[in-house]
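Here is how the chains run, residue by residue.
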Amino acid sequence: MDSAALSVGAVSSSFFCNSRNPKFSYVSSNPKPASPPIVRCSHSENPHLNSWYPLKPISRTAFSCSAVTSHHPNTSGSGNLTAATSARAKLQLLIQEFQSLTEPLDRVKRLLHYAELLRPLGDPLKSNDSRVPGCTAQVWLHVELDGDNKLRFLADSDSEITKGFCACLVWVLDGATPEEVLAVKTEDLAALSVVGLNRKAGGYSSSRANTWHNVLMSMQKRTKALVAEREGQPRGEPFPSLIVSAEGIEAKGSYAEAQARFLLPDELKIRELVNFLEEKKIGVVAHFYMDPEVQGVLTAAQKLWPHIHISDSLVMADSAVKMAKAGCNFITVLGVDFMSENVRAILDQAGFPEVGVYRMSDERIGCSLADAAASPAYMDYLAAAAASVSFPSLHVVYINTSLETKAYTHEVVPTITCTSSNVVQTILQAFSEIPDLNVWYGPDTYMGANIMELFRQMTAMTDEEIAGIHPKHNRNSLKSLIPRLHYFQVNLPLDEERWNMHFHHLFGHEVVGKINEMYCDAFLTAHFEVPGEMFSLAMEAKRRGMGVVGSTQNILDFIKERLQEALDRNVDDHLQFVLGTESGMVTSIVAAVRKLLGSVKSHDGAKMNSLGSLLKVCRSLPHDKENLSAYEAGLFSLQTPNGNLIADVGCEPILHMRHFQATKRLPEKLIQQILRTNS
């Protein structure tokens, strides 16, 4: 991914709506608690007898938790809770109660019991605006700030277990001050989990744990909004957003409006392009990060010409080979120069040297990451790895580098290419196969720091959770490998440092603050290349099932999966996603969303490539190729310092990666290269 392109997009937010008619499902169960509860809840029509009661605008019977009876050794017998009891004290009592129930099934029974005591929310309050996002079941939450500056919460769910969660949180936080509500952390709820019924990732226990977190986050978000409204604080400026439904697209914000104009492109432009592609048998491979106009046209043209593919850099060359096999005579590449180089080299390796490959400019289309890897500082970094002959070394290089860089570095340290979607698995697999290995990652400093932070966070997971990520690792192996993982830490020149500060600002503390303030209950996505603050926020969301960290394709897949889950539930749903990546992703996301929503109107790097450039290349082929000589990605004839062809040596790290992708193991040839270099 082009880091320069990343700085342009900052953060964008997309809001997707599913407009199906709601169908509610209920879990009918009435088991009683297996032992006397610490929290004893009672019904009452008299609000003066309760620590909780509805505000006057809400006409319904109150659910109250008015007294505590405990046999837990830490509660010193029994005692009464009053309206003045702090939320923290209530939470501790609730934690003590759940900790006294050692069997997960007993905890579930307790939740079902409390669900019985939570009266249903009135239908007028069950609106889309009151929905809690991110929960497997439907959850509604109503919040008010009373005249005594105390929060009043009402909640309901179409799932009995989730309703039990809501009852507990309402009991803890109703009547609390804003400060008390905001002081509760999601980690405080860990002791309330019902883990154990299903250990599978994403299964019962994980989805139920997420419910605690997501309801709490919504409580806190709405608390902040009510406090700001009471104090007369201006509402923060929201991120640009697109609201996508089966009926159409609504843009909010000038930036979103500019992008939305290209989502339904001119039919004449689509037809003109498709005619050229069909007539001259031209395939198109394009990166997600491109001019929104050309991406909009290409997305629509895909329905009329099958040899158009928009993806991350990993798949572009593979798609080009498939197009060549299908009879395409030319491949046009919309991306930076290393992408067209890779397409050219892989086509040659696959036996298609006669297929022409064309870039979209007669000038250099650069990439800051590719430039960093070609710098003397990066070669010095690898020289240090090569000098360390006391242990084996592997260079894991990001795919966003030139073929020349891949060739040169492979002759210094055995090298395998990676992408943001497979880098974690590549590194973990390498450590598992080669004892005492040192891994040298580069050139993306942000991604290297984020990978290191990810591994540090994984050491706090259980061995079972770690095995779910990679079966050959546990907490001890992760602690052992961290000192042997190195990443390139560049000292930027002044101009690059200023740019880097601007880039960091766009994804730094101000953006993170706005997400915490206005989007804490949204799904959060982040590319591996974003700075640490945004990465940490996305990782926290990922832990509670509300986020993804990875490649552009990982982000797109995550959004599609969440939307499909909502469609499968067959209820009105609103899914909100914050995109912590380049805004060029929006076109592909909108197309995928509209396809899933079944829209009948759907037409299924930075400004690196334009529609005009693509049309110019298409018009000139095949008879006016001499005017495109500067556009063509030519065959590689240059040699490495060791006298080998760059095309041959530079392709080998890519082929190593493809072997790993297919087998989930390092190729034997690479292992021998590592061990031979170390001997």
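Whatever comes next refers back to the structure up there.
Computed from a predicted model, the values in this text were never measured in an experiment. (Residues numbered from 1 in each chain as written. Predicted model: local features only at pLDDT ≥ 70, side-chain atom pairs only at ≥ 80, totals over all residues. Heavy atoms only, no water.)

Draft legend 1. Layout of the overall build of the protein chain. Of regular secondary structure, the protein chain possesses 26 helices and 18 strands. Accessible surface, the protein chain: about 28200 Å² in total, of which carbon and sulfur atoms supply 52%. (Helix = DSSP H or I, 4+ residues; strand = E, 2+ residues; numbered from the N terminus. Areas by Shrake-Rupley, 256 points an atom, 1.4 Å probe, with all protein chains shown as cover.)

Draft legend 2. Structural context of the nonpolar core. Judged by nonpolar contacts, the single largest core of 140 residues is most densely connected at Leu298, Ile331, Leu347 and Phe455. Residues within four places of Ile331 in sequence aside, it is in contact with Gly283, Val285, Ala320, Met323, Val343, Leu347, Val355, Gly356, Val357 and Tyr358. Formed by 40 residues, the second largest nonpolar core is a distinct cluster that contains Leu151, Phe153, Phe165 and Trp212. (Core = buried A, V, L, I, M, F, W, Y, C linked by side-chain atoms within 4.5 Å. Buried < 20%, exposed > 50% of the residue type's maximum accessible area, 1.4 Å probe, protein only. Contact = heavy atoms within 4.5 Å.)

Draft legend 3. Inspection of unusual backbone geometry at higher detail. Cis geometry marks the peptide bond from Gly442 to Pro443, where omega comes out at 0 degrees. Note that Pro443 resides in the loop between strand 14 (438-442) and helix 16 (445-458). The peptide bond linking Leu621 to Pro622 adopts the cis configuration, its omega dihedral lying at 0 degrees. Within the secondary structure, Pro622 is located in the loop between helix 24 (611-620) and helix 25 (646-663). One non-glycine residue, Asn149, adopts positive backbone phi at about 60 degrees. Along the chain, the position of Asn149 falls in the loop between strand 4 (139-145) and strand 5 (151-157).

Draft legend 4. Summary view of the packing of aromatic side chains. If you walk through the whole model with that rule in mind, you get 12 aromatic pairs. When the centroid spacing of 5.4 Å and the interplanar angle of 50 degrees are considered together, the rings of Tyr381 and Phe488 count as tilted. Of the two residues, Tyr381 sits in helix 13 (residues 376-387) while Phe488 sits in the loop between strand 15 (485-487) and helix 19 (494-506), which places them 107 residues apart along the sequence. Under the relative-accessibility criterion, Phe488 is labelled buried at 5%. With 6.3 Å between their ring centres and 90 degrees between their planes, Phe558 and Phe577 make a pair best called edge-to-face. Of this pair, Phe558 sits in helix 22 (residues 552-569) while Phe577 is found in strand 18 (residues 573-580), placing the two residues 19 residues apart along the sequence. For Phe558, a relative accessible area of 7% puts it in the buried group. With a relative accessible area of 0%, Phe577 lands in the buried category. A cation sits over an aromatic face here: Lys90 above Trp171, 5.6 Å from the ring centre. The side chain of Lys126 reaches across the aromatic face of Trp140, ending 4.9 Å from its centre. (Phe/Tyr/Trp six-rings, centres within 6.5 Å; stacked < 30°, edge-to-face > 60°. Lys NZ or Arg CZ within 6 Å of the ring centre and 35° of its normal.)

Draft legend 5. How the structure looks around the side chain of Asp521. The topology assignment puts Asp521 in the loop between helix 20 (509-518) and strand 16 (523-527). With relative accessibility at 8%, the residue Asp521 sits in the buried group. At a separation of 3.0 Å, a polar atom in the side chain of Asp521 contacts the side chain of Lys221. Beyond its immediate stretch of four places on either side in the chain, Asp521 contacts Pro133, Ser218, Lys221 and Met546. (Polar contact = N/O pair within 3.5 Å; in protein donor to acceptor, adjacent residues only side chain to side chain.)

Draft legend 6. A look at helix 10 (residues 313-325). Of all the residues in helix 10, the buried ones are Ser313, Leu314, Met316, Ala317, Ser319, Ala320, Val321, Met323 and Ala324. Turning to helix 10, the residues buried within the fold contact strand 8 (282-287), strand 9 (308-311), strand 10 (330-334), helix 11 (337-349) and helix 25. Just downstream of helix 10, Gly327 is the residue with a positive phi angle, here 110 degrees.

Draft legend 7. View of the pairing of strand 16. Counting buried residues along strand 16, five of its five residues qualify, which places the element largely inside the surrounding structure. Residue alternation in strand 16 divides its side chains into two sets, Phe523, Thr525 and His527 and Leu524 and Ala526, and both sets are buried. Bridge count for strand 16 against strand 18 is four bridges, and the pairing is parallel. If you follow Thr525 over to strand 18, its bridge partner there is Leu579. In this sheet, strand 17 (residues 547-550) lies alongside strand 16 in parallel orientation, the contact comprising four bridges. Residue pairing for strand 17: Leu524 is matched across the bridge by Gly547. Read as a crossover between parallel neighbours, the route from strand 16 over helix 21 (residues 532-543) to strand 17 is right-handed. (Pairing = 2+ DSSP bridges. Right-handed = clockwise from strand over helix to strand, strands pointing away.)

Draft legend 8. Region of the structure containing the sheet that holds strand 15. With respect to topology, four strands assemble into an open sheet ordered 13-12-14-15, the strand pairing being parallel. Whereas interior strands pair on both sides, the edge strands pair on one side only; in this sheet they are strand 13 (415-418) and strand 15. Across the sheet, the mean angle from the axis of one strand to that of its neighbour is 25 degrees, orientation sign disregarded. Pairing between strand 12 (residues 393-398) and strand 13: four bridges, direction parallel. (Axes fitted to C-alpha atoms, helices over the stretch in contact; angles between N-to-C directions.)

Draft legend 9. Just the side chain of Lys406, in detail. Residue position: Lys406 is located in helix 14 (residues 403-412). An unpaired buried charge is present at Lys406: no salt bridge exists, and Glu341, the closest side chain of opposite charge, is 6.6 Å distant. The residues touching Lys406, leaving out its near neighbours within four places in the chain, are Asn342, Ile399, Thr401, Thr417, Gly650, Pro653 and Ile654. (Lys, Arg positive; Asp, Glu negative; His and termini not counted. Salt bridge = Lys/Arg side-chain N within 4 Å of Asp/Glu carboxyl O.)

Draft legend 10. Here's a closer look at the sheet that holds strand 8. Reading across the sheet, the four strands line up as 9-8-10-11 and stay open at both edges, with parallel pairing between neighbours. Each edge of the sheet is formed by a strand with only one pairing partner; in this case those strands are strand 9 and strand 11 (356-358). Going across the sheet, the axis of each strand differs from the next one's by a mean of 15 degrees, ignoring polarity. Pairing of strand 8 with strand 10 involves five bridges; the strand directions are parallel. Looking at strand 10, one finds that Val284 is bridged to Thr332. Sheet contacts for helix 10: strand 8, strand 9 and strand 10; angle to strand 8, the most-contacted strand, approximately 175 degrees.

Draft legend 11. Quick look at helix 15 (residues 423-433). With nine of 11 residues buried, helix 15 lies mostly within the body of the structure. Among all positions in helix 15, only Val423, Val424, Thr426, Ile427, Leu428, Gln429, Ala430, Phe431 and Glu433 are buried.

Draft legend 12. Layout of empty space enclosed by the protein. Of the volumes computed, that of the second largest cavity is approximately 80 Å³. Contributing to the lining of the second largest cavity are 13 residues, with Asp312, Ser313, Tyr398, Ser420 and Thr552 lying nearest its centre. (1 Å grid on protein atoms, 1.4 Å probe; cavity = no way out; pocket = protein on both sides within 12 Å on 5 of 7 lines; lining within 4 Å. Points joined across faces, edges and corners; volume = space filled by probe spheres on them.)

Draft legend 13. Broad picture of the pattern of salt bridges. Counting across every chain of the model gives 19 salt bridges. Here Asp156 and Lys126 are joined by a salt bridge, their closest N and O atoms 3.5 Å apart. With Asp156 in strand 5 and Lys126 in the loop between helix 3 (104-117) and strand 4, the pair connects residues that are 30 residues apart, well separated along the chain. The exposure class assigned to Asp156 is buried, which follows from its relative accessible area of 1%.

Draft legend 14. Summary view of the packing of helix 8 (residues 267-280) against helix 24. In the contact formed by helix 8 and helix 24, the axes pass within 10 Å of each other and the chain directions differ by 35 degrees. As for how helix 8 packs across helix 24, the hand of that crossing is left-handed. Contacts from Lys269, Glu272, Leu273, Phe276, Leu277 and Lys280 of helix 8 reach helix 24 at Leu611, Leu614, Leu615, Cys618, Arg619 and Ser620. In the contact of helix 8 with helix 24, the residues fall into seven nonpolar, one polar and four charged. (Left-handed = near helix turned anticlockwise from the far one by under 90°. Nonpolar A, V, L, I, M, F, W, Y, C, P; charged D, E, K, R; others polar.)

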